[in-house]
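Listed below, chain by chain, are the residues.
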Amino acid sequence: LVRKLLLRGYTVRALVRSADMEVLTGIPRAVEVVAGDVGDADACKRAIKGCNKVVYCAGARSYATADLYRVDQVGVANLAKAMQDEFHNKAQKRSGVSFKSKRTLFRFRGEESLAGWEARSVVPKESGVMGMDP
């Protein structure tokens, strides 16, 4: 998979459990290697930094329930959260530049610009869901 991605022109970064010579000999030199575990949220954040796609190929080393849970549940959640944070950070950096940024619908400059608009304050309801104050 890694070689095919490289041949198609992608820049590849791999999160590996250990960066020892046995592991590194099987990985092409063009791949950036990040040592860590999918169960570690900080390692996932380091691996995701600057990426816009993820291919998840991690597998548990045993059939123990704890190991399967760490890789299949926690690992996927950590990488998804790290990717979500990365996209959020990128959106914050380009705020106001991208067509995907928030847009100003109307700029209120004074009391006269409020004519024709109904302004209400937003308060939290008892259920914890935001709502409009009547």
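Calculation criteria
Residues numbered from 1 in each chain as written. Predicted model: local features only at pLDDT ≥ 70, side-chain atom pairs only at ≥ 80, totals over all residues. Heavy atoms only, no water. Helix = DSSP H or I, 4+ residues; strand = E, 2+ residues; numbered from the N terminus. Buried < 20%, exposed > 50% of the residue type's maximum accessible area, 1.4 Å probe, protein only. Contact = heavy atoms within 4.5 Å. Areas by Shrake-Rupley, 256 points an atom, 1.4 Å probe, with all protein chains shown as cover. Pairing = 2+ DSSP bridges. Salt bridge = Lys/Arg side-chain N within 4 Å of Asp/Glu carboxyl O. Core = buried A, V, L, I, M, F, W, Y, C linked by side-chain atoms within 4.5 Å. Lys, Arg positive; Asp, Glu negative; His and termini not counted. Arc of directions from axis to C-beta. Polar contact = N/O pair within 3.5 Å; in protein donor to acceptor, adjacent residues only side chain to side chain.

Participant: Describe the overall build of the protein chain, and please don't skip the residues or the numbers.
Facilitator: Looking only at helices and strands, the protein chain has four helices and four strands in total. Listing each helix as α and each strand as β along the protein chain from the N terminus yields α-β-α-β-α-α-β-β. Looking at the 134 residues of the protein chain, the share that counts as buried comes to 19%. Restricting the contact set of the protein chain to residue pairs at least 6 apart, pairs at least 24 apart contribute 43%. Approximately 10900 Å² of the protein chain is accessible, and the part contributed by carbon and sulfur atoms is 54%.

Participant: Please provide a residue-by-residue account of the pairing of strand S1 (residues 13–16), values included.
Facilitator: The side chains of a regular strand alternate between the sheet's two faces. Burial along S1 is one-sided: Ala14 and Val16 are buried, and none of Arg13 and Leu15, which face the opposite way, are. Pairing analysis gives four bridges linking S1 to strand S2 (residues 32–35), with the strands arranged parallel. Residue pairing across strands places valine 16 opposite alanine 35, the latter belonging to S2.

Participant: Could you give an account of the pattern of salt bridges, naming the residues involved and the relevant values?
Facilitator: Counted according to the given criterion, the structure contains five salt bridges. When salt bridges with common partners are traced through the structure, they connect Arg17, Asp37, Asp67 and Arg70 into a single cluster.

Participant: Can you tell me about the environment of proline 28, naming the residues and giving the values?
Facilitator: Mapped onto the elements of the fold, proline 28 is located in the loop between helix H2 (21–24) and S2. Sequence spacing of proline 28 and valine 2 is 26 residues, and the spatial spacing of their C-alpha atoms is 8.1 Å.

Participant: Talk me through the nonpolar core; I want residue IDs and the actual numbers.
Facilitator: Val38, Cys44, Ile48, Leu79, Ala82 and Met83 together form the largest nonpolar core, which totals six residues. Elements with a minimum of two residues in this core: helix H3 (41–48) and helix H4 (65–93). By residue number, the principal contributor to this core is H4, which donates three residues. Residues in contact with alanine 82, not counting those within four places in the same chain, are Cys44, Lys45 and Ile48. Grouped together as the second largest cluster of nonpolar side chains are five residues, Ala14, Val16, Ile27 and Val31 included.

Participant: Describe the side chain of glutamate 86, listing the residues and the values that go with them.
Facilitator: Residue placement: glutamate 86 occurs in helix H4. In this structure glutamate 86 is buried but unpaired, with lysine 90 as the nearest side chain of opposite charge at 4.2 Å.

Participant: Break down the environment of lysine 49 for me, citing the residues and quoting the values.
Facilitator: Inspection of the secondary structure assignment puts lysine 49 in the loop between H3 and H4. Filtering out sequence-adjacent residues up to four positions away, lysine 49 remains in contact with Arg13 and Glu86.

Participant: I'd like to hear about H3, residue by residue, with values.
Facilitator: Buried within H3 we find Ala43, Cys44, Ala47 and Ile48. For H3, the arc enclosing every buried residue in end-on projection is 130°, short of the 170-degree limit, so these residues lie on one face. Between a side-chain oxygen at the N-terminus of H3 and the backbone nitrogen of aspartate 42 the separation is 3.3 Å; the capping residue is aspartate 40. Phi for glycine 50, located one or two positions after H3, is positive at around 85°.

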